[in-house]
Amino acid sequence: MNASVTNDGRQAAALLNDDNRFKLAVFGANVSGGCSVTSAEGTIAVNWPESRHIAQLADQAGLDAMIPVARWRGFGGETNFNDRCFETFTWAAGIAAVTERIQVFSTMQVPTVHPVRAAKEAATIDHISGGRFGLNLVAGWVEAELRMFGLPQLPHDERYAVSDEWATIIKRAWTEDTFDFDGRYFKLPSVHSEPKPMQTPGPLIMSAGQSPAGSAFAARHADLQFIFLPDISKTREIVAAQKARALEQYGRKLKVMSLAYVVCRDTEAEAREYYDYYVHQKGDWQAVRNLAAGAVGNMQSADATDPAMLEALLAGYGAVPMVGTADQIAERMRYLADAGLDGMTLSWVNYAEGISQYQRELLPRLQALGLRH
Ligand SMILES: Cc1cc2nc3c(=O)[nH]c(=O)nc-3n(C[C@H](O)[C@H](O)[C@H](O)COP(=O)(O)O)c2cc1C
């Protein structure tokens with residue numbers, strides 16, 4: 001790779017540097033139920049000792065990042081899935097203060113916060129964390145949440161036009177002394193923001209848009225794009241296309257990651273048995289139908305009524321299943337890494353147990369495969 005084709009000088013950032021070939025981040029540890037729509041025991045309850053414990057376990061296990069979910073109301077059903085959710089800027093500031101090396105993200109629904117305020121909040125957490133902060137930018141997804149703010153859900157692609165200006169402003173606030181911004185959605189005189197973030201030119205930006213407009217936004221603004229992979233045999237072509245677009249259109253190096261949920265047991269039969277328990281016996285199908293209608297129904301790429309999609313959403317927010325023995329899961333990660341994927345988020349029904357098990361069982365196998373240090 002041409003040395004001039006890099007986004008910045010943030011080579012210390014765990015998700016950008018070359019330390020671990022396959023990056024792994026904990027996803028959704030700040031929201032009730034986490035990523036599994038089930039009444040099975042041990043899911044995320046949402047209290048501070050729990051958040052702190054999980055983040056410290058992840059930090060000690062050498063995982064690369066904590067990525068929270070931004071939710072403002074639950075999806076109903078028996079569990080009211082995701083109803084309790086720590087606000088992600090304040091959560092990240094707290095997590096930053098109790099961890100040493102893991103990267104800490106906030107998830108930011110663009111329409112709900114002004115970019116000048118967000119620039120300063122992000123810079124502040126970047127200082128608290130010693131340069132470990134990152135932002136997950138969401139253009140606007142669940143309409144019922146935006147209504148709570150008195151905001152309209154804009155037509156799909158216009159959300160990304162707003163986000164484009166928003167991201168441009170926050171990046172300029174992180175790097176320029178004082179500037180005027182004269183856009184279609186924002187007209188801001190003499191924008192100024194001090195202190196600058198510790199990272200130059202600023203905290204990492206991730207985006208999880210899946211649509212053409214979302215992917216174009218990621219190519220232009222994000223360091224990391226997160227994609228759903230309903231069919232992992234297509235990984236190579238999808239990842240290559242996203243990276244090529246960022247490089248060819250914007251001269252930017254984009255990392256592409258996906259999502260996984262983990263059920264790891266001594267035998268495949270035990271893993272499948274537990275899957276059956278939390279999905280088929282304890283699954284909250286009403287909540288998942290609401291989630292599908294309220295969120296996935298907004299996506300151009302997904303059919304919110306497809307039974308396989310509903311089950312995947314219930315089992316792990318539509319992520320790639322990692323259900324089996326540690327050897328099988330490590331092998332699946334190797335397959336994805338070989339297809340060009342830079343890493344994944346991870347979720348479990350029980351995060352604390354899952355992270356400890358990761359460190360004990362999975363990490364040595366990933367090290368042996370050359371995926372992790
Ligand atoms: C890893 C990941 C994390 C996401 N986090 C959130 C979130 O916390 N809150 C939210 O409203 N949407 C979240 N989204 C939704 C995306 O930002 C995006 O709106 C969705 O994938 C649809 O893509 P599209 O806007 O390109 O159609 C997330 C998606 C993924 C894959």
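Since this is a predicted model, take the numbers as computed values, not measurements.

Moving on, we get to the confidence of the model for the protein chain. A residue-level look at the protein chain finds 95% of positions with pLDDT of 70 or above and a mean pLDDT of 94. Under a pLDDT of 50 for its full length, residues 1–6 has, in the predicted model, 5 contacts with residues more than four places off or in other chains.

It is worth spelling out the site of the ligand at this point. Taken together, 20 residues are adjacent to the ligand, and Trp-141, Ala-208, Gly-209, Ser-211 and Gly-214 come closest. Looking at the shell around the ligand, the elements with two or more residues in it are strand S3 (103–109) and strand S4 (133–138). Partitioning the shell around the ligand into residue classes produces 11 nonpolar, 9 polar and no charged.

Here strand S8 (residues 224–227) shows two buried faces, one formed by Leu-224 and Phe-226 and the other by Gln-225 and Ile-227. Both strand S7 (residues 204–207) and S8 contribute to a ladder of 2 bridges, which runs parallel. Across the sheet, the residue bridging to Ser-207 is Gln-225, located in S8. For the segment spanning S7, helix H6 (residues 212–221) and S8, crossover handedness is right-handed. Pairing between S8 and strand S9 (residues 255–264): 4 bridges, direction parallel. Along S9, the bridge assignment pairs Gln-225 with Val-256.

Another point: unusual backbone geometry. Here the bond from Glu-194 into Pro-195 is cis, since omega is 0°, no more than 30 degrees from zero. When you line up the elements, Pro-195 lands in the loop between strand S6 (187–192) and S7. Geometrically, the link from Thr-200 to Pro-201 is a cis peptide bond, its omega value of 5° lying close to zero. For Ser-190, which is not glycine, the phi dihedral falls at a positive 50°. One can find Ser-190 in strand S6. Ser-190 sits in the exposed class, given 8 other C-beta atoms within 10 Å.

Within helix H10 (residues 307–316), burial applies to Leu-310, Ala-312, Leu-313, Leu-314, Ala-315 and Gly-316. Structurally, H10 contributes buried residues whose contacts are with S9, helix H8 (268–281), helix H9 (285–294), strand S10 (320–324) and strand S11 (343–347).

Right, let's talk about the pairing of strand S1 (residues 23–27) for a bit. For S1, the buried fraction is high: 5 of the 5 residues fall into the buried class. Of the two faces of S1, the one lined by Lys-23, Ala-25 and Phe-27 and the one lined by Leu-24 and Val-26 are each fully buried. In this structure, S1 lies alongside S11, joined through 4 bridges in parallel fashion. Its bridge partner lying in S11, Ala-25 is registered against Thr-345. As paired strands, S1 and strand S2 (residues 65–67) are joined by 3 bridges and run parallel to one another. By the bridge assignment, Phe-27 is partnered in S2 with Ile-67.

Glancing now at the nonpolar core. Counting 117 residues, the largest nonpolar core has Val-26 and Met-66 as the members making the most contacts within it. Broken down by element, the residue count for this core peaks at 8 residues, all from S9. If sequence neighbours within four positions are ignored, Met-66 has contacts with Ala-25, Val-26, Ala-29, Ala-55, Ala-58, Ile-95, Ile-102, Val-104 and Phe-105.

When you line up the elements, Asn-30 lands in the loop between S1 and helix H1 (48–60). Taking the C-alpha atoms as reference, Asn-30 lies 28 Å from Arg-220; in sequence the two are 190 residues apart. Setting aside anything within four residues of it in sequence, one finds Asn-30 in contact with Val-46, Ser-51, Pro-68, Val-69, Cys-85, Phe-86, Thr-88 and Trp-91.

It is the contact of helix H2 (residues 88–97) with helix H3 (residues 115–128), at a shortest axis distance of 9 Å, that shows an interaxial angle of 15°. Here H2 lies roughly parallel to H3, going by the angle between them. Seen along the crossing, H2 lies across H3 with a hand that is left-handed. Along the contact surface, H2 presents Phe-89, Ala-92, Ala-93, Ala-96 and Ala-97, while H3 presents Glu-121, Ile-125 and Ile-128. A class-by-class count of the residues in the contact of H2 with H3 yields 7 nonpolar, no polar and 1 charged.

How two helices sit against one another is set out by the angle between their axes and by the gap between those axes. Helix H5 (residues 156–175) packs onto H3 with a crossing angle of 45° between their chain directions and a minimal axis gap of 9 Å. The angle between the axes of H3 and H5 places the two elements in the oblique class. Like other packed secondary-structure pairs, H3 and H5 cross with a definite hand, here right-handed. Mapping the contact onto sequence places Pro-115, Val-116, Ala-118, Ala-119 and Ala-123 in H3 and Trp-166, Ile-169, Ile-170, Ala-173 and Trp-174 in H5. For the contact of H3 with H5, a count of residues per class yields 10 nonpolar, no polar and no charged.

So, how was this worked out
Residues numbered from 1 in each chain as written. Predicted model: local features only at pLDDT ≥ 70, side-chain atom pairs only at ≥ 80, totals over all residues. pLDDT = per-residue confidence, 0-100. Contact = placed C-beta atoms within 7 Å. Near = placed C-beta within 6 Å. Helix = DSSP H or I, 4+ residues; strand = E, 2+ residues; numbered from the N terminus. Nonpolar A, V, L, I, M, F, W, Y, C, P; charged D, E, K, R; others polar. Buried ≥ 20, exposed ≤ 12 C-beta atoms within 10 Å, placed from the backbone. Pairing = 2+ DSSP bridges. Right-handed = clockwise from strand over helix to strand, strands pointing away. Core = buried A, V, L, I, M, F, W, Y, C linked by C-beta atoms within 7 Å. Axes fitted to C-alpha atoms, helices over the stretch in contact; angles between N-to-C directions. Parallel < 35°, antiparallel > 145°, perpendicular 65-115°, else oblique. Left-handed = near helix turned anticlockwise from the far one by under 90°.

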